[in-house]
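Structure at a glance
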Amino acid sequence: MPTLHIIYASTSGNTEHVVETLKEHLSSTQKDLTVSVQRAEEAQAEDINKGDVLLLASSTWNYDAVEGYLNMHMREFLEKRAKDADLSGKPVGLIILGDDRYYYTGRGTERFMQYLLSHNGKSCTMPLIIINDPYGQEEKVVRWCDTLMGCFTSSE
Ligand SMILES: Cc1cc2nc3c(=O)[nH]c(=O)nc-3n(C[C@H](O)[C@H](O)[C@H](O)COP(=O)(O)O)c2cc1C
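Residues numbered from 1 in each chain as written. Predicted model: local features only at pLDDT ≥ 70, side-chain atom pairs only at ≥ 80, totals over all residues. Heavy atoms only, no water.

We now examine the pairing of strand E5 (residues 91-98). Here E5 lies mainly inside the structure; 8 of its 8 residues are buried. Burial of the side chains of E5 extends over both faces: Pro91, Gly93, Ile95 and Leu97 are buried on one face and Val92, Leu94, Ile96 and Gly98 on the other. Pairing of strand E3 (residues 53-63) with E5 involves 6 bridges; the strand directions are parallel. Among the inter-strand pairings, Ser59 is bridged to a residue of E5, identified as Leu97. Relative to strand E6 (residues 122-123), E5 runs parallel, the two being bridged by 2 bridges. Residue pairing for E6: Pro91 is matched across the bridge by Lys122. (Buried < 20%, exposed > 50% of the residue type's maximum accessible area, 1.4 Å probe, protein only. Helix = DSSP H or I, 4+ residues; strand = E, 2+ residues; numbered from the N terminus. Pairing = 2+ DSSP bridges.)

Turning our eyes to something else, we now look at the environment of Ile95. Positionally, Ile95 belongs in strand E5. Looking at Ile95, the relative accessible area reads 0%, which means it is buried. In this structure, Ile95 is in contact with Val18, Leu22, Leu55, Leu56, Ala57, Ser58, Phe112, Leu128 and Trp144, ignoring residues within four places of it in sequence. (Contact = heavy atoms within 4.5 Å.)

Take the nonpolar core next. Judged by nonpolar contacts, the single largest core of 23 residues is most densely connected at Leu4, Leu22, Leu55 and Ile95. Breaking this core down by element, the ones donating at least two residues are strand E1 (3-8), helix H1 (14-29), E3, E5, strand E7 (128-131) and helix H4 (138-154). Ranked by residues supplied to this core, first place goes to H4 with 7 residues. Membership of the second largest hydrophobic core comes to 20 residues, among which are Ile7, Ala9, Met74 and Leu78. (Core = buried A, V, L, I, M, F, W, Y, C linked by side-chain atoms within 4.5 Å.)

Another aspect to go through is the state of the cysteines. Overall, the coordinates contain 1 disulfide when judged by the stated rule. Covalent S-S linkage joins Cys124 and Cys151, the inter-sulfur distance amounting to 2.0 Å. For the disulfide bridge between Cys124 and Cys151, the dihedral angle about the S-S bond is near 85°, and by the sign convention the bridge is right-handed. Of the two residues, Cys124 sits in the loop between E6 and E7 while Cys151 sits in helix H4, which places them 27 residues apart along the sequence. There is no split in this pair, since Cys124 and Cys151 are both buried. No disulfide involves Cys145; its sulfur sits 11 Å from that of Cys151, the nearest cysteine. (Disulfide = S-S within 2.5 Å.)

On inspection of all chains with the given rule, the structure shows 7 salt bridges. The salt bridge involving Arg39 is made with Glu16; its shortest N-O contact spans 3.4 Å. Of this pair, Arg39 sits in strand E2 (residues 34-39) while Glu16 sits in helix H1, and the two are 23 residues apart along the sequence. By relative accessible area, which is 30% here, Glu16 ends up partly exposed. Residues Arg75 and Glu79 are paired through a salt bridge, measuring 3.4 Å at the closest nitrogen-oxygen approach. Pair noted here: Arg75 and Glu79 are both in helix H2 (residues 72-81), with a separation of 4 residues, about one helical turn. Overall, Arg75 belongs to the buried group, its relative accessible area being 10%. Note on Glu79: relative accessible area 47%, which makes it partly exposed. (Salt bridge = Lys/Arg side-chain N within 4 Å of Asp/Glu carboxyl O.)

Aromatic rings considered in pairs are described by the distance between their centres and by the relative angle of their planes. Inspection of every chain in the model, using the stated rule, returns 2 aromatic pairs. A centroid spacing of 5.5 Å and a plane angle of 65° characterise the contact between Tyr63 and Tyr69, whose relative ring orientation is edge-to-face. Accessibility expressed as a relative area gives 22% for Tyr69, which makes it partly exposed. Judged by centre distance (4.9 Å) and plane angle (75°), the rings of Tyr103 and Tyr104 are edge-to-face. Its relative accessible area of 71% is what places Tyr103 among the exposed residues. Accessibility expressed as a relative area gives 34% for Tyr104, which makes it partly exposed. (Phe/Tyr/Trp six-rings, centres within 6.5 Å; stacked < 30°, edge-to-face > 60°.)

This is how it looks when you write it as structure tokens:
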């Protein structure tokens, strides 16, 4: 049975909505797939190695009044608890949210990629980048699910 482990951070619920949309679509289309979901606040170092494929999801946020960072809880998880992780070539899917009112629109993508590069993770598909209100962009999420499924063949 293939397994997908999702770790996400969401401040106002937008990333959570995208993750829920994805999860619902997968549960109706991928009967063999086991999906587990965890909030970044609750994730411990070892959780990053769970699943045949790992999915990290976060919005872009500010830190110390500087924009373009990952959501605080995702940042704390990656930079503190999972800072010594070795992903050993693990296939990782990425979801990033942002808003074009901000100069560093969607820059969380770059933050995630920097983490994968320095922790031996493999970005197994193009990241899903949702800019502005995710409500109404569900079709994009559902289409991306199919490309995410390609990560399982690359994990074999
Ligand atoms: C304080 C604050 C800082 C933000 N900084 C950025 C940013 O630097 N770049 C960006 O693209 N979006 C930024 N956003 C927009 C959020 O990423 C966007 O609203 C997202 O949908 C929120 O998702 P969430 O509710 O899951 O956290 C910021 C929003 C807030 C409130």
